[in-house]
Structures are given as C-alpha cells and as structure tokens.
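Take a look at the letters that make up each chain.
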Amino acid sequence: MTKFKPFFLLIFIFYIVHVHADYGKLSPNTQHFISLLKENKTEQLKKQYRVKEIKNTAYVNVFIFLNDNADVLSLTDLGVKFNSLFNNVVTAQVPVNNIEAVSKLSSVKYVQIGTKVMKRMDAARVAANVDDVQAGTDLAGPFTGKDVIVGIIDNGFQYDHINFYTADGTQTRIKRVWDQNATGTPPSGFSYGAEYTTQSAIFNAKNDFTDESHATHVTGIAAGSDKNNGNNYFGVAPDADIVMVSYNQNDNSSDNVSLADGIKYIYDYASSVGKPCVVNMSLGSHLGPHDGTSAFDQVCDQLQGNGRLLVGAAGNEGSDKLHIYKQFSAATDTLKSFLKFYSSTSLDGQADLWGDVDKDFQIKVVIYNKNTKAITFSTPFFNAATVNDQTYSVTAASNGITGKIYFYSERNVLNNKPNAFVYLDLSQINTYYNVGLIITATDGSSVHGWADDFYSYFSANSVSGWTDGNSTSSVGEIGGTGNKIISVGAYTSKKSFVNINGQTYPLGETLGKIASFSSKGPTPDNRVKPDITAPGTVLVSSFSSAVINNSDFSDYLVKKNVVNGVSYYYGAMQGTSMATPFVTGILATWLGANHDLNPDQVRTILQTTSISDTYTGTIPAGGSNTWGFGKIDAWNGIKKCISLASAVDNVSADKEIILYPNPCTDNFSALFTAYDSNVKVTIFAINGQQVMTKNLGTVEAAREEKFDINQLPKGVYMVSITGNNHYKTYKILKK
C-alpha cells in the first residue's frame, strides 16, 4: 500500500521555485490541488488526489491537452512522464512542483488533474435470456465469449479463483494483469505498476488487496466459469479471455487518468492478439460537466470503435440529493441551496457547478443561521466565467462555523461552459449554522450543480426559498455520461438471499422493478442515460478468499465450493456495479457473433430488442432516463448481432463467386463466374464448428452448385471456398 507521509515531505522540500500559474489553463480541481499544496494540507491531499513518489520526486496524474504542433520535448524538460497519447490529449505523471510551469508552456492548452473514483456496488441469467445464448437455443451454436477479451478495471482481485479457469480446470483464462500500484516491471510504454504475463506470475501475485472483493465479484459476473459440483454462480461469458487492471481504491492512489491508461492497455493487448474486446468499469465520480465533454469522456470516445466496447455503471445515486438545477427566467431569479454533510465527523464537501455554453452565472458562498435567519458570512458574487482562486477562513466565534472555504472558477476550454468549484474543509459547525450557495444568471441561462455525494449533498434544510437536492441527472461522470460508453442501470431480479449460515436477508426491493438506488438521466445536453438496465439486485458471484473472515463481507457469503481440495467462495452484492459486468458479459457473447460490433450498433440493438414490461411501461423511441431502452435481452440481441454480421458479402467484391439467396431458408447456391480447379467448399458455424464440406474439383464459368442446409439451425454460417485461383470466406444467414 502506498505510504503518503514520506513523499508529501518531499513535496515541500523540493517545492522551492514558485512559478505563477496560468490559471486559465488549469482546471479548478487542479487549482485546488495547488492551493492545498501551498497550505501544507497533507491530509486533504491524501483524501482527494493520487500522489506517488518516484525516485525521490512526488508526481501526480494529469490529462494534458496539447496545442497543434506542440513541442513535446519542452514537457520532458520539466520531468513529465508520458503514458498514453490520444490525439491531442496525453495522460502523464507530472512532478507536483512543476504543474504550474507545465501550464505556462506554449505547447500546453489545458491541464486537468486526475479525479478520484469510487466503486459502484442464477436468477439474473434467466431474466435476461442469457441461458438461451449459452445453450445456443435457435442459434448456430452456443455463444460463451470464446475468442473475446473481457477487460476489468477494478480492485479486490483474487487472481487464482477457480471461476477464472478454463472449463476443464487446467489453466487460467487470465491473459494479463496490470497492478497499477504494485512494484515491479510496468507494461511496455507505461512508467508505473507491475505487469504479470504468465500463469505462474499471476498466481504468485494471488491478490491485489486482501481487504476487498469487488473486482473478484465483478469479474465472476462477466466471465465466471465455475460449474464444479453443480455450482450455479458462473458468469455470462465463461469462455472469454480475461485482462485485469487493478487500481488502489483504498489509499486513493488511482484516478480517472490511470483508468484511461488501463482502458488503452486492455485494448492494446486485444489488438496484439487480434481479438475483439469489451471493457468493464464499475466505478464512478461526480466531478465534471456530465455532458460527455470531460477529458476522460473524450479519451474514451477516441478509444472505442469496431470491436472495441466500453461499459460503465450509471451509478447508485438514484435516491440521493446530489443534484440541483435551475432554468433562470429573469436576472432577479436565484438558485439557493445548502451543502449538508452525511457525517458530523467528516466535514469535507464539494460542489461542482456548470452553466451553459458561452453564457455566465454569478455565485457566492454564505453561512446562514437557520434560527435567526441571518447570514453571518458571505463572499462577494463571482462571475463563474472568469478565473477566480479564493480561500476564506471562518471561525465558529464569528461565523458559527470553523474551517476554510475554497472557491475556484473558469470558462472551461473543453466546452466553453462557466464552471465554479466550491470546496469546504471544516472542523466545527455550530447548531443552526449551514453553508449555502446563492446563484444568479441572465434570462434563459441554466445551471446544473453536483455535490460529491460521498461527504456532502444538497438540501433546502426546511428553509423557505431554498432548493432541495434531487436525483435527476444523477448518472456518474466515469460510467454514465460518455457519448459512446454503454451506461448501465440496475433492476431487481432477486429480492433476497440466504447466506452460508442459513440467514435470509430481504433487500426491500420489488422483483422486476428498477432498483431504488439506480441513477437516472438525462445528461445536461439532453441525452438519455442510462442506455440499458440489467439485473443488479442481488447477484451472487465469486468472492475473494482473502475477505471471508472480514466482517464487512462474512454476512454476505453464500457458498463454499471445494475443488481439488481448495475452497473457493461465492457471495452476494448489489448495485449498478453488478448490473454493469452482466451487460459486459452479454456484449462479449455478442462480439463472438460479430467481431466488428461498435457502440452505435450496440445502441441500435438495445433499442430494437430490449425487454419492456409492466414495470418499464412503454419505452419512448429515444429511450427512458430511468430504464434506457429497457431490460437487456441477450438472446434476441445476439440474433440481431448475427443479422448485422450477415448483412455484408451478399455478393463477393471480386464477382468471381456469388452466393444467393442471402439470407436463405433451406438452401443456397454458389455461382462461379470464372474457371478454377481443386475447388473445395466448407461451411462452418460462426463458433468455428465445421458443419458441411464438398469437393467440387474443377469448375467452369457459369457453374452453379446448390447446398442443402435444411437440417442446420438458424443463424450465420461462414462459407469457405478454396481453389488454385481463389481463397475467400463469405457469410450467409439462414433464417
């Protein structure tokens, strides 16, 4: 586990030369990091940011947006360590004492520090028709994720769990592991962590952390394979290859910058072995514009494409008061809300507020006494479209609250929206006192605001004229707002579970209904989110053996499965964290049917095949901000994938051979338009199984050969035709 004190000491030893920052090129959160750094706020830095010591120098993760024709060497002169390049965006590790200097370079357009991310927490397979896909019902054969890469970015892995073995139990299906926080040899092109590339190295590592099981559970849902002793808690894509990226949630040493590196790492491996890939992120954060324009969302959009899918959790804030919004109709309109705390002992909180493109809004922070209705402290009104960096100290004796209030603002260069960021670092709040935000804007403008929802939330505090928080637009920045990412909400497929001690745990949910915690859309730019829902309450999957005596997990243990004398464990969890890998596993089976499947096609399939029922109601054509396009249907979806895969090659490009009719029913014909010899026709099911072969020998131009496929199941077939002059494979669909 990373130790913070030594390298925070280093920060202040080496932070000698102060370069005045170009704050128009630093995100508000980056400005806040610099403020805390200058104030020697070690504990706050530890809570919020990933700082790591490399050879006696402290580094922090950042996204750097480069101008055209940027001089990259000027960044390396300042000690910048590059990891990933995405067009004009790089992920990098920057010495903390050089962040401001980097922002001053003419090559640099914008610097955004990494933001902290949080985890999102049998009957499910039946509910989504996964069993029919795995059995190959009315298909060319079973689809189980074979020859597809499932990538999992998470923490709490048990690498040698039986659920990640091949079906015959002889070897692991884990092909690569990158533990971003371990000490060792990092992957090629990266400067941190340790990569494990062999079964022995992976098994020797055993776990990334011994106090967490989230990743083991998530991976088991997506790609678990353990059917030993009649175990029914296997996953959706049990034959998929697995790539794991471990980040450290416990000491905050990971963020969305390293997540972007992890996604690229998984896709790069998939490309190296020529296989399609789907990546799972059961993670979340609420710092950002929520409209797809953040650095992370832009990078993710660049990475996805044909055979490259990304699935994220919509979030578990569907009942939380984390969001405020107002459409201002007049200059005298105000939006007022208090920032309240979940705990009386953790008085840290933040609010991130965003206006409209090319507009502005004004904001001030106040301390309000509910009993006397008096404001005991107030900042001036700040224009959120201009650069501001302010820190205020308040005391309980004078203001009713002790601590610091930090305020930052800018017009964001990535989307031209005004952005204000308020951070509270308080130690005492007297009875009746609260911190409030007062916002005004010009006629027609709107403002969205999100609290961190970990320490703080929005509240009217029962004061007339003040606004309560809501759960609208509660989908998270990491998994819920990207333009291409498939965002997943959760519904209830199981309303209770029985643990290993025979105790029944009811969950207070209704079967078939949306889970009470599932986050909702829309995004501020009025896109429907989530895209789809899947079973998320409650799912039983693999547990790490490291946590079975941990009181946080022991009550949720459901089963012990002993295989070859070794005990493996299964337990219950709920959340969009669980619904997300369920969809990831389904998309892995779909990629098995169509290796070139892309995010737009996935949305089309979801729109036309998803399940609607009495709980979803009639889903609008554009989707629902609670349900997306409904409940995912793995079986009808894969048939649509097969149909898309067969929509090409109706006529060969070289016109030498024509297959018709395509699609067909009981038979099809091959028309040869040119002479060839030693001709052989072989028909394969899409899973690779050979189902028919015929040697034709010499063929003359205009020869027509008929193939009877009446006995074959419906589905896509590959027709391989070889000869001395010809070698090509075609697709044909039997309806």
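Residues numbered from 1 in each chain as written. Predicted model: local features only at pLDDT ≥ 70, side-chain atom pairs only at ≥ 80, totals over all residues. Heavy atoms only, no water.

This paragraph deals with the packing of aromatic side chains. Any two aromatic rings considered together are summarised by their centre-to-centre distance and by the angle between their planes. This model, assessed by the stated rule, comprises 23 aromatic pairs. Taken together, a centroid distance of 6.0 Å and an interplanar angle of 20 degrees make the contact between Phe-157 and Tyr-159 stacked. Ring geometry for Tyr-233 and Tyr-570: centres 6.2 Å apart, planes at 35 degrees, overall tilted. In this pair, Tyr-233 is assigned in the loop between helix 9 (214–223) and strand 10 (241–246) and Tyr-570 in strand 32 (residues 566–573), connecting sequence segments 337 residues apart. With respect to class, Tyr-233 is no different from Tyr-570; both count as buried. Put simply, the rings of Trp-178, Phe-190, Tyr-192 and Tyr-265 pair up and form one aromatic cluster. For the cation-ring pair, Lys-639 lies above Trp-635, with the distance from its terminal atom to the ring centre recorded as 3.6 Å. Seen from the ring of Phe-707, Lys-694 lies directly overhead, with NZ or CZ sitting 4.7 Å from the centre. (Phe/Tyr/Trp six-rings, centres within 6.5 Å; stacked < 30°, edge-to-face > 60°. Helix = DSSP H or I, 4+ residues; strand = E, 2+ residues; numbered from the N terminus. Buried < 20%, exposed > 50% of the residue type's maximum accessible area, 1.4 Å probe, protein only. Lys NZ or Arg CZ within 6 Å of the ring centre and 35° of its normal.)

Restricting attention to buried positions, one finds in helix 16 (residues 599–609) the residues Pro-599, Val-602, Arg-603, Ile-605, Leu-606 and Thr-609. Seen end-on, helix 16 carries its buried residues on one side only, within an arc spanning 160 degrees. Where helix 16 begins, the side chain of Asn-598 points an oxygen toward the backbone nitrogen of Asp-600, at a separation of 3.1 Å. (Arc of directions from axis to C-beta. Polar contact = N/O pair within 3.5 Å; in protein donor to acceptor, adjacent residues only side chain to side chain.)

It is worth spelling out the environment of Ala-194 at this point. As for its position among the elements, Ala-194 is in strand 9 (residues 194–196). In this structure, the C-alpha to C-alpha distance between Ala-194 and Ala-420, residues 226 residues apart in sequence, is 38 Å.

This part takes up the packing of helix 10 (residues 256–273) against helix 11 (residues 295–303). Axis separation between helix 10 and helix 11 bottoms out at 10 Å; the angle between their running directions is 5 degrees. Put simply, helix 10 runs roughly parallel to helix 11. For the pair helix 10 and helix 11, the contacting residues are Asn-256, Leu-259, Ala-260, Ile-263, Lys-264 and Tyr-267 in the first and Phe-296, Val-299, Cys-300 and Leu-303 in the second. Tallied by class, residues from the contact of helix 10 with helix 11 come to eight nonpolar, one polar and one charged. (Axes fitted to C-alpha atoms, helices over the stretch in contact; angles between N-to-C directions. Parallel < 35°, antiparallel > 145°, perpendicular 65-115°, else oblique. Contact = heavy atoms within 4.5 Å. Nonpolar A, V, L, I, M, F, W, Y, C, P; charged D, E, K, R; others polar.)

Before going further, it helps to examine the state of the cysteines. Under the definition given, this model contains zero disulfides. Cysteine Cys-664 shares no disulfide, and the gap to the nearest cysteine sulfur, in Cys-641, comes to 20 Å. Given the relative accessible area of 2%, Cys-664 is considered buried. (Disulfide = S-S within 2.5 Å.)

Tracing the sequence through the fold places Ile-486 in strand 26 (residues 486–492). Beyond its immediate sequence surroundings of up to four residues, Ile-486 is in contact with Leu-310, Val-311, Gly-312, Asp-531, Ile-532, Leu-587, Pro-599, Val-602, Arg-603 and Leu-606.

Position of Thr-57 relative to the elements: it lies in strand 2 (residues 57–66). Note: C-alpha distance between Thr-57 and Ile-113 (56 residues apart in sequence) is 17 Å. Excluding residues that lie within four positions of it along the chain, Thr-57 makes contacts with Lys-52 and Pro-95.

Now for the sheet that holds strand 35 (residues 676–685). Spatially, 36-35-38-39 is the arrangement adopted by the four strands of the open sheet, whose pairing is antiparallel. This sheet does not close on itself; its edge strands, each paired only once, are strand 36 (690–699) and strand 39 (727–734). Put simply, the sheet's adjacent strands are angled 20 degrees from each other on average, direction ignored. As paired strands, strand 35 and strand 36 are joined by seven bridges and run antiparallel to one another. Opposite Val-681, over in strand 36, you have Lys-694 as the bridge partner. (Pairing = 2+ DSSP bridges.)

On average, residues of the protein chain carry a pLDDT of 88, and 92% of them reach 70 or more. Within the model, pLDDT remains below 50 along residues 1–23, and this stretch shows 55 contacts once partners closer than five positions in the same chain are excluded. In this model, residues 648–654 is a region of pLDDT below 50 whose contacts with residues beyond four sequence positions or in other chains number 13 contacts. (pLDDT = per-residue confidence, 0-100.)

Scanning all chains against the criterion turns up 15 salt bridges. Taking the shortest distance from any N to any O, the salt bridge between Asp-147 and Lys-275 comes out at 3.8 Å. Of this pair, Asp-147 sits in the loop between helix 7 (130–135) and strand 7 (149–154) while Lys-275 sits in the loop between helix 10 and strand 11 (277–281); the two residues are 128 residues apart in sequence, bridging distant segments of the chain. Overall, Asp-147 belongs to the partly exposed group, its relative accessible area being 36%. The closest approach of N and O atoms between Lys-321 and Asp-468, which form a salt bridge, is 2.8 Å. (Salt bridge = Lys/Arg side-chain N within 4 Å of Asp/Glu carboxyl O.)

Take the side chain of Glu-212 next. Mapping Glu-212 onto the fold places it in the loop between helix 8 (199–205) and helix 9. Polar contacts involving the side chain of Glu-212 include one to the main-chain amide nitrogen of His-214, which spans 2.9 Å.

This part takes up the packing of helix 9 against helix 15 (residues 576–593). Two numbers describe a pair of packed helices, the interaxial angle and the distance between the axes. Running from N to C, helix 9 and helix 15 cross one another at 35 degrees; their axes reach a closest spacing of 7 Å. At the point where helix 9 passes helix 15, the crossing takes the right-handed sense. Residues His-214, His-217, Val-218, Ile-221 and Ala-222 of helix 9 pack against Ser-577, Met-578, Pro-581, Phe-582, Thr-584 and Gly-585 of helix 15. For the contact of helix 9 with helix 15, the per-class residue count stands at six nonpolar, five polar and no charged. (Left-handed = near helix turned anticlockwise from the far one by under 90°.)

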